[in-house]
Amino acid sequence: MMHKVCIVTGGSRGIGRATALAAAKRRYKVVVGYASNKAAADEVVAQIESSNGKAIAVKCDVGNESDILTLFKAADQFGPLAALINNAGIVGVTSRVDDMSAERIQRMMAINVTGSILCAREAVKRMSTRHGGKGGVIVNLSSVAAKLGSPNTYVDYAASKGAIDSFTVGLGYEVANEGIRVAAIRPGLIDTDIHASGGEPDRAHRLSHMVPMKRVGTAEEIANAIVWLMSDDASYVTSAILDVSGGR
Ligand code: NAP
């Protein structure tokens, strides 16, 4: 079956990029959201098109509601929405809570929490049988930080991912009888640019000894779990949170 539409927020780099490529292989048309790195988003689209897939890049800072509305309108032009991957997320620089500004914490929550909830709102409006939709899947990106709390690193980030866990469970129940499954992935230490944006490019490798498997994970290993959740093989999975973390 070709041409189900899937939106991946933050699909230009890291886990989102790997998910966009994996979804395209499974014959989804992919809407690749990006915040500012147009070149990276265009490269993902080009790679999908070079394998005869279909994709478009749409600028969408999920901290901005009007960008989110633009993203979903672009997806509407592409075809009926079947999946939303709420992947866009940020960390802050390593810090104790005593040193965190209100602006930093508000930005963290606006992007990681409010942005994900607003995207889910738009997806539910389109996919819920209550609104005449054909059902679909929402996968939220949480983090093992939701369990570990990330002391002395970024408790604000951990708290934002704890919110994502609660949101996943609650929304899953809310729309379970409307054809929509909702699940979250809690990645562990994954080798992406996110650690550099927190000021510690080597963080994942430095901490890999704390992982029971003694290695970092790849973006593709997270993407594989996401596309499984998107698939009919996961047809009885909802309100569920899956750790993909090498045991951490
Ligand atoms: P990443 O490598 O830093 O990539 C971030 C992606 O999100 C980029 O495509 C970026 O777009 C986009 N983005 C950043 N801010 C955005 C915003 N305000 N609005 C929309 N898009 C935005 O991140 P990643 O490591 O792949 O992480 C992806 C998700 O997995 C996040 O939710 C993160 O919290 C979660 N996660 C990651 C790890 C890990 O170890 N890497 C562990 C646990 C959970 P541009 O290219 O335009 O900048």
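Note that the coordinates shown come from a computational prediction; the quantities given were computed from them, not determined experimentally.

Participant: Lay out the pairing of strand β6 (residues 180-187) in plain terms, naming residues and giving numbers.
Facilitator: The buried fraction of β6 amounts to 8 of the 8 residues, a majority that puts the element mostly inside the structure. The side-chain alternation of β6 yields two buried faces, one formed by I180, V182, A184 and R186 and the other by R181, A183, I185 and P187. Pairing analysis gives 6 bridges linking strand β5 (residues 136-141) to β6, with the strands arranged parallel. Counted as the bridge partner of N140 is A184 from β6. Pairing geometry for β6 and strand β7 (residues 240-244), over 5 bridges, is parallel. Looking at β7, one finds that R186 is bridged to D243.

Participant: Give a description of the packing of aromatic side chains that names residues and reports values.
Facilitator: This structure, assessed with the given rule, holds 1 aromatic pair. With a centroid separation of 5.0 Å and 70 degrees between ring planes, the pair formed by Y154 and Y157 is classed as edge-to-face. The residues Y154 and Y157 share a single accessibility class, namely buried. Across the ring face of F78, the terminal group of K29 is positioned such that the distance to the ring centre comes to 4.8 Å.

Participant: Go over the side chain of K161 with me, naming the residues and quoting the values.
Facilitator: Its location among the elements puts K161 in helix α6 (residues 155-175). Buried charge without a salt bridge: K161, with D165 as the nearest opposite-charge side chain at an N-O distance of 8.4 Å. Those residues in contact with K161 that sit more than four places away from it in its chain are N112, L141, S142, S143 and A146.

Participant: Please set out unusual backbone geometry residue by residue, giving values where relevant.
Facilitator: Its identity is not glycine, yet N52 carries a phi of approximately 65 degrees, on the positive side. Structurally, N52 can be placed in the loop between α2 (38-50) and β3 (55-59). Among the residues examined, N52 registers a relative accessible area of 70% and is labelled exposed. Backbone geometry at K214 places phi at a positive 60 degrees, although glycine is not the residue there. As for its position among the elements, K214 is in the loop between α8 (203-206) and α9 (219-230).

Basis of the calculations
Residues numbered from 1 in each chain as written. Predicted model: local features only at pLDDT ≥ 70, side-chain atom pairs only at ≥ 80, totals over all residues. Heavy atoms only, no water. Buried < 20%, exposed > 50% of the residue type's maximum accessible area, 1.4 Å probe, protein only. Helix = DSSP H or I, 4+ residues; strand = E, 2+ residues; numbered from the N terminus. Pairing = 2+ DSSP bridges. Phe/Tyr/Trp six-rings, centres within 6.5 Å; stacked < 30°, edge-to-face > 60°. Lys NZ or Arg CZ within 6 Å of the ring centre and 35° of its normal. Lys, Arg positive; Asp, Glu negative; His and termini not counted. Salt bridge = Lys/Arg side-chain N within 4 Å of Asp/Glu carboxyl O. Contact = heavy atoms within 4.5 Å.

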